[in-house]
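# Results of the structural survey
Given next are the chains, with one letter for each unit.
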Amino acid sequence: TEINKDYIHFNKLNFFGGMVTIKGNYNKVTNCMIKHGAESLITNLNGAAKSDAAIQVLNGDHNVIEKCVLESGTLNGVYLDSGAENNRVENCIVQFFNTIGLHAHLINSSGAQNKILKNSFYGSARDGVKVTGDDSEFAYNHVQKCLISGADGGLFYVTGRSIPKNIEVHHNWFHDAYGAKHAGKKATGIYLDNNSAGYIVH
C-alpha cells in the first residue's frame, strides 16, 4: 500500500503480508496492525543492509505513525529515510523484526528532526533501534531482547564519521542485549560506534 499524496489518514486498518509506504506530507497511520509487512528470503539479499520496512516513510514531513502494532518481519519494522524529516512515531508496539540478523532494525530513522516517543521495541536477531538524523529525539521508549542470534551491536546502535548530529536520547529503558556466544558476545545497551558524534544521552 502506498500513500503518495498529502493529508491521507489510515485508521483502524489491518494489513498482512505487505508494506505501507509513505511519500508525502501530513499523512497519518493510526491504530493499525501490520503483520509480516517486510519479508525477504536470505537468498534474495544483495548485502547486509536493507531498507524495506513494514511502514516506511521514503520522503515527506510531518507524517505521523501512532498507536500501531507492527509484528514479524525479516527486515525493518519502521524506516524513516533521509528524505523523511519532522516526522513522529509514537505509542507503537514494534516486535519480532530482523529475524535473520542483518543490518535491519526495529526502527531506523535517518531523516532530520524526527521524534520517536513512547514506543515498545521488542525482539531482533541483531541490532534494536537506529537514529542518525540530525536534531532528532528518541525518548520514553522501551527497547528489549535484541542481538538474539548475532553480536557486535546494541539495543541502540549507530555509526558515525565524527560529524555532530545533535540527537537526544533520554528517559528510555534498555535491557536484555543477549550477544550470542558463537558471534563473539559483543552486545551492549547503547552503542555509539565508529566515531559517532553529537549524541546527548541521559
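To start, this report covers the structure provided alongside it. (Residues numbered from 1 in each chain as written. Predicted model: local features only at pLDDT ≥ 70, side-chain atom pairs only at ≥ 80, totals over all residues. Heavy atoms only, no water.)

### Brief notes about a nonpolar patch on the surface
We apply this condition: Patch rule: a residue counts if its relative accessible area is over 30% and it has no salt bridge; like charges are joined within 9 Å, and nonpolar side chains (Val, Leu, Ile, Met, Phe, Trp, Tyr) within 5 Å. Areas reported here follow the Shrake-Rupley algorithm with a probe of radius 1.4 Å; residue values treat only the protein chains shown as occluding. Salt bridges are defined as contacts in which a side-chain nitrogen from Lys or Arg sits within 4 Å of a carboxyl oxygen from Asp or Glu. Helix numbering and strand numbering both begin at the N terminus, where a helix is a DSSP run of H or I of at least 4 residues and a strand a DSSP run of E of at least 2. Residue exposure (1.4 Å probe, protein chains only): buried if accessible area is under 20% of the type maximum, exposed if over 50%, otherwise partly exposed.
A surface patch of nonpolar side chains, about 210 Å² in accessible area, is lined by Ile190, Leu192 and Val201. Relative to the assigned elements, leucine 192 resides in strand E22 (residues 187–193). Residue classification places leucine 192 among the partly exposed residues on the basis of a relative accessible area of 36%.

### Side note on the pairing of strand E20 (residues 164–170)
Threshold: Any two strands with at least two DSSP-identified bridges between them are counted as paired.
Relative to E20, strand E17 (residues 137–139) runs parallel, the two being bridged by three bridges. Bridged to alanine 139 within E20 is histidine 170. In this sheet, strand E23 (residues 197–201) lies alongside E20 in parallel orientation, the contact comprising four bridges. What sits directly across from isoleucine 167, in E23, is tyrosine 199.

### Some details on the pattern of salt bridges
As enumerated under the stated definition, the model contains eight salt bridges in all. Glutamate 71 is the partner of lysine 35 in a salt bridge, and the nearest nitrogen-oxygen pair spans 3.5 Å. Of the two residues, lysine 35 sits in strand E6 (residues 33–35) while glutamate 71 sits in strand E9 (residues 69–71), which places them 36 residues apart along the sequence. The partly exposed category is assigned to lysine 35, whose relative accessible area is 30%. Overall, glutamate 71 belongs to the buried group, its relative accessible area being 19%. Between lysine 118 and glutamate 90 there is a salt bridge, with its nearest N and O atoms 3.9 Å apart. Here lysine 118, found in the loop between strand E14 (115–117) and strand E15 (120–124), pairs with glutamate 90, found in strand E11 (residues 88–90); they are 28 residues apart in sequence, far enough to count as distant. Salt bridges here are not isolated pairs; linked through shared partners, they connect Glu66, Arg88, Glu90 and Lys118.

### Regarding the packing of aromatic side chains
Rule in force here: To pair, rings of Phe, Tyr and Trp, with the six-membered ring standing in for Trp, must have centres within 6.5 Å; the planes then decide the type, stacked if under 30 degrees apart, edge-to-face if over 60, and tilted in the middle.
Under the counting rule described, the total for this entry stands at nine aromatic pairs. A ring pair is formed by phenylalanine 156 and phenylalanine 174, whose centres lie 6.4 Å apart and whose planes are at 80°; its orientation type is edge-to-face. Taken together, the positions of phenylalanine 156 in strand E19 (residues 153–159) and phenylalanine 174 in strand E21 (residues 173–177) put the pair 18 residues apart, joining distant regions of the chain. As far as the burial class goes, phenylalanine 156 and phenylalanine 174 line up, both buried. The interplanar angle of 80° and the centroid separation of 6.3 Å between the aromatic rings of phenylalanine 156 and tyrosine 199 together place this pair among those described as edge-to-face. A residue pair is termed long-range when its members are at least 10 positions apart, and phenylalanine 156 in strand E19 and tyrosine 199 in strand E23 qualify at 43 residues. Look at tyrosine 199 and you get buried, because its relative accessible area is 13%. Through pairs of rings, three or more aromatic residues link up here, namely Phe121, Phe138, Phe156, Phe174 and Tyr199.

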